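What follows is the residue order along each chain.
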Amino acid sequence: MTTFLLAFGALFSIVNPFSGAFIFFGATQGMDPKLRAAVSRWVSIYAFSIVAASLYVGAYVLSFFGISIPVLRVAGGIIVSMSGWRMLNEPDATEQRRSEAPAYPRSLDTPPSRLAFYPLTMPLTTGPGTISVAISIGAGRPPGFHAALIAFFLETLAAALLLALLVYFLYRHSARIADFIGATGTTIIVRLSAFLLFCIGIQVFWNGAGELLSSLIPASG
């Protein structure tokens, strides 16, 4: 269970579906509840696909382009910390999107699968920070083909699946959660989540920078 807890904890901290549910509700408030439920289902499907692809294919893509994991962590940490900083200093995104949302339910002419990907899934739910963290986890897979590798795939797959289920549940019931907590509670949670996201970005950046700096120091006897 060590790999499962590590993968789920890292991915959950980056995705943070609880705070994302409030922004999702603000962006989809004008939708019919049935359409919002369908969109939340597709968001969870897309999120699972992006995380799974990053876990199992991302490391090979990086090696093809000659990008090392420490460089990826530095770049991903910068992106994540900038996103958190922007969320800390910008006006209340939830209230802004609520005011911009139409006062009538959106038409069902547009398929929910098209409404769900951009920007609700990418970059709102699974952005560059999530992808970089998933690739970093996938790069730590055991070498060779044996029981440890199978366990790694099963545990990381379970972590991605549980994360997608949480995204679906929280996004689908985002209206009830927002009404229960209220506007003030929603703002507080979003701000705290933004600060946590900023700290996570700094930590990811520091881990990558530490590895790069240690590679520049010649090994002593």
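Criteria and thresholds
Residues numbered from 1 in each chain as written. Predicted model: local features only at pLDDT ≥ 70, side-chain atom pairs only at ≥ 80, totals over all residues. Heavy atoms only, no water. 1 Å grid on protein atoms, 1.4 Å probe; cavity = no way out; pocket = protein on both sides within 12 Å on 5 of 7 lines; lining within 4 Å. Points joined across faces, edges and corners; volume = space filled by probe spheres on them. Helix = DSSP H or I, 4+ residues; strand = E, 2+ residues; numbered from the N terminus. Nonpolar A, V, L, I, M, F, W, Y, C, P; charged D, E, K, R; others polar. Phe/Tyr/Trp six-rings, centres within 6.5 Å; stacked < 30°, edge-to-face > 60°. Buried < 20%, exposed > 50% of the residue type's maximum accessible area, 1.4 Å probe, protein only.

## Observations concerning the layout of surface pockets
Next, step 1: Within this model, the second largest pocket holds a volume of roughly 290 Å³.
Next, step 2: Contributing to the lining of the second largest pocket are 13 residues, with Ala10, Val133, Ser136, Val204 and Asn207 lying nearest its centre.
Next, step 3: Secondary-structure elements contributing two or more residues to the lining of the second largest pocket are α1 (2-15), α8 (128-139) and α10 (174-216).
Next, step 4: In terms of residue class, the lining of the second largest pocket is built from 7 nonpolar, 5 polar and 1 charged.

## Side note on the packing of aromatic side chains
Aromatic ring pairs are reported here in terms of the distance separating the ring centres and the angle at which the planes meet.
Next, step 1: With the rule as written, the count across this model stands at 9 aromatic pairs.
Next, step 2: Measuring from centroid to centroid gives 6.0 Å for phenylalanine 4 and phenylalanine 8, while their planes differ by 10 degrees, and the two rings are stacked. Here phenylalanine 4 pairs with phenylalanine 8, and both are found in helix α1, just 4 residues apart, close to one helical turn.
Next, step 3: Assessed through its relative accessible area of 14%, phenylalanine 4 is described here as buried.
Next, step 4: For phenylalanine 8, a relative accessible area of 18% gives the class buried.
Next, step 5: Among the aromatic residues, those joined into a ring-pair cluster are Phe4, Phe8 and Phe12.

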